[in-house]
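# Topology and contacts: notes
Below, each chain spelled out in residue letters.
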Amino acid sequence: MKLLKKRNLKSYTRPFAFLLSVIVVLLTSHAGAQDNKGFVIDEIIAKVDNYIVLKSELDRAYQDYVSNGGTPSQQARCQYLALLIRNKLMMAKAEIDSVVVPDAEVDANTKRRMDAILAQAGNSPEDLESRFGKTLEQIQLELRDQIREQMVVSKMEGKITEGLTVTPAEVKRFFNSFPKDSLP
């Protein structure tokens, strides 16, 4: 019964997402037709199956890295792009393998993370809203989507690596098979 409900919900969300995409394209083309300049809302920089990586996602992840003391570099930016693409690949594989995370777990994790973010912001929702330029509900919805993706990716990684064992001797043998000057 739950599977049937999830499929029904999924069948409604895809047409809604498609309709939203069409509206954005129409609005963008209409705005461009008026002043012949147009503007870019966001860019798709990678696509894995039905999942896309937006330029804004990469910018946000890279900015978080830099804000947390990371050294700005093109290499770091490329590594974040690779990580985002890998996560979308895992999401696509999880969809194929029917790997799901219960909503209750996502909600509980989202609440814990929101509480931590609020504590870091000084327990003031107003400060948090002004810092992000969004309402608390918008912040929580975005965070929930990110947490769901992280949890599904983690569960998929666990499924892929279950039963996999590697001994320290195997790791040593693997690295010894490479010339010493080839290792970073």
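Everything here concerns the structure above.
The sections below set out a description of the structure shown in this document. (Residues numbered from 1 in each chain as written. Predicted model: local features only at pLDDT ≥ 70, side-chain atom pairs only at ≥ 80, totals over all residues. Heavy atoms only, no water.)

### Things to note about the pattern of salt bridges
Taken as a whole, this structure holds 12 salt bridges when the rule is applied. The shortest N-O distance in the salt bridge between Glu 157 and Arg 86 comes to 2.0 Å. With Glu 157 in helix α6 (residues 136–161) and Arg 86 in helix α3 (residues 74–96), the pair connects residues that are 71 residues apart, well separated along the chain. Its relative accessible area of 33% is what places Arg 86 among the partly exposed residues. (Salt bridge = Lys/Arg side-chain N within 4 Å of Asp/Glu carboxyl O. Helix = DSSP H or I, 4+ residues; strand = E, 2+ residues; numbered from the N terminus. Buried < 20%, exposed > 50% of the residue type's maximum accessible area, 1.4 Å probe, protein only.)

### Observations regarding the packing of aromatic side chains
For the structure shown, the criterion picks out four aromatic pairs. Relative to Tyr 65, the ring of Tyr 62 has its centre 6.2 Å away and its plane inclined at 35°; by these criteria the two rings are tilted. A residue pair is termed a helical-turn pair when its members lie 3 or 4 positions apart in one helix, as Tyr 62 and Tyr 65 do in helix α2 (residues 55–67) at three residues. With relative accessibility at 25%, the residue Tyr 65 sits in the partly exposed group. Consider the rings of Phe 174 and Phe 175, whose centres lie 5.2 Å apart with planes at 80°: the pair is edge-to-face. (Phe/Tyr/Trp six-rings, centres within 6.5 Å; stacked < 30°, edge-to-face > 60°.)

### A word on the nonpolar core
In this structure, Met 114 and Leu 128 are the most contacted members of the largest nonpolar core, which totals 19 residues. For this core, the secondary structure elements donating two or more residues are α3, α4 (103–120) and α6. Per element, the largest residue contribution to this core is eight residues, and it comes from α6. If we ignore the near neighbours within four places in the chain, the residues touching Met 114 are Leu 128, Leu 136, Ile 139, Gln 140 and Leu 143. (Core = buried A, V, L, I, M, F, W, Y, C linked by side-chain atoms within 4.5 Å. Contact = heavy atoms within 4.5 Å.)

### A look at the packing of α4 against α6
When two helices pack together, their arrangement is captured by the angle between the axes and the distance separating the axes. Packing of α4 against α6 leaves a shortest axis separation of 9 Å and a crossing angle of 125°. In terms of orientation, α4 lies oblique with respect to α6. When the axes of α4 and α6 are compared, the crossing they make is right-handed. For the pair α4 and α6, contact is made by Asp 103, Glu 105, Val 106, Asp 107, Asn 109, Thr 110, Arg 113, Met 114, Ile 117 and Leu 118 and by Leu 136, Ile 139, Gln 140, Leu 143, Arg 144, Ile 147, Arg 148, Gln 150 and Met 151, respectively. (Axes fitted to C-alpha atoms, helices over the stretch in contact; angles between N-to-C directions. Parallel < 35°, antiparallel > 145°, perpendicular 65-115°, else oblique. Left-handed = near helix turned anticlockwise from the far one by under 90°.)

### Concerning unusual backbone geometry
One non-glycine residue, Asp 49, lies in the positive phi region at around 55°. Asp 49 sits in the partly exposed class, given a relative accessible area of 41%. Of note, Ser 98 is a non-glycine position whose phi angle comes to about 60°, a positive value. Position of Ser 98 relative to the elements: it lies in the loop between α3 and α4. Judged by relative accessible area, Ser 98 falls into the exposed class, the value being 59%.

### Focus on the environment of Leu 58
Note on placement: Leu 58 falls in helix α2. You can call Leu 58 buried: its relative accessible area is 6%. Separated by 22 residues in sequence, Leu 58 and Tyr 80 have C-alpha atoms that sit 6.8 Å apart. Beyond its immediate chain neighbours, meaning those up to four positions away, Leu 58 contacts Ile 45, Arg 77, Tyr 80, Leu 81 and Leu 84.

### Here's the deal with α4
Given a rise of 1.5 Å per residue, 18 residues ought to cover 26 Å, and the 25 Å separating the end C-alpha atoms of α4 matches this to within 8%. Considered for burial, the residues of α4 that qualify are Val 106, Asn 109, Thr 110, Met 114, Ile 117 and Leu 118. In this structure, the buried side of α4 is in contact with α5 (125–132) and α6. Phi for Gly 122, located one or two positions after α4, is positive at around 90°. (Expected span 1.5 Å × (residues − 1).)

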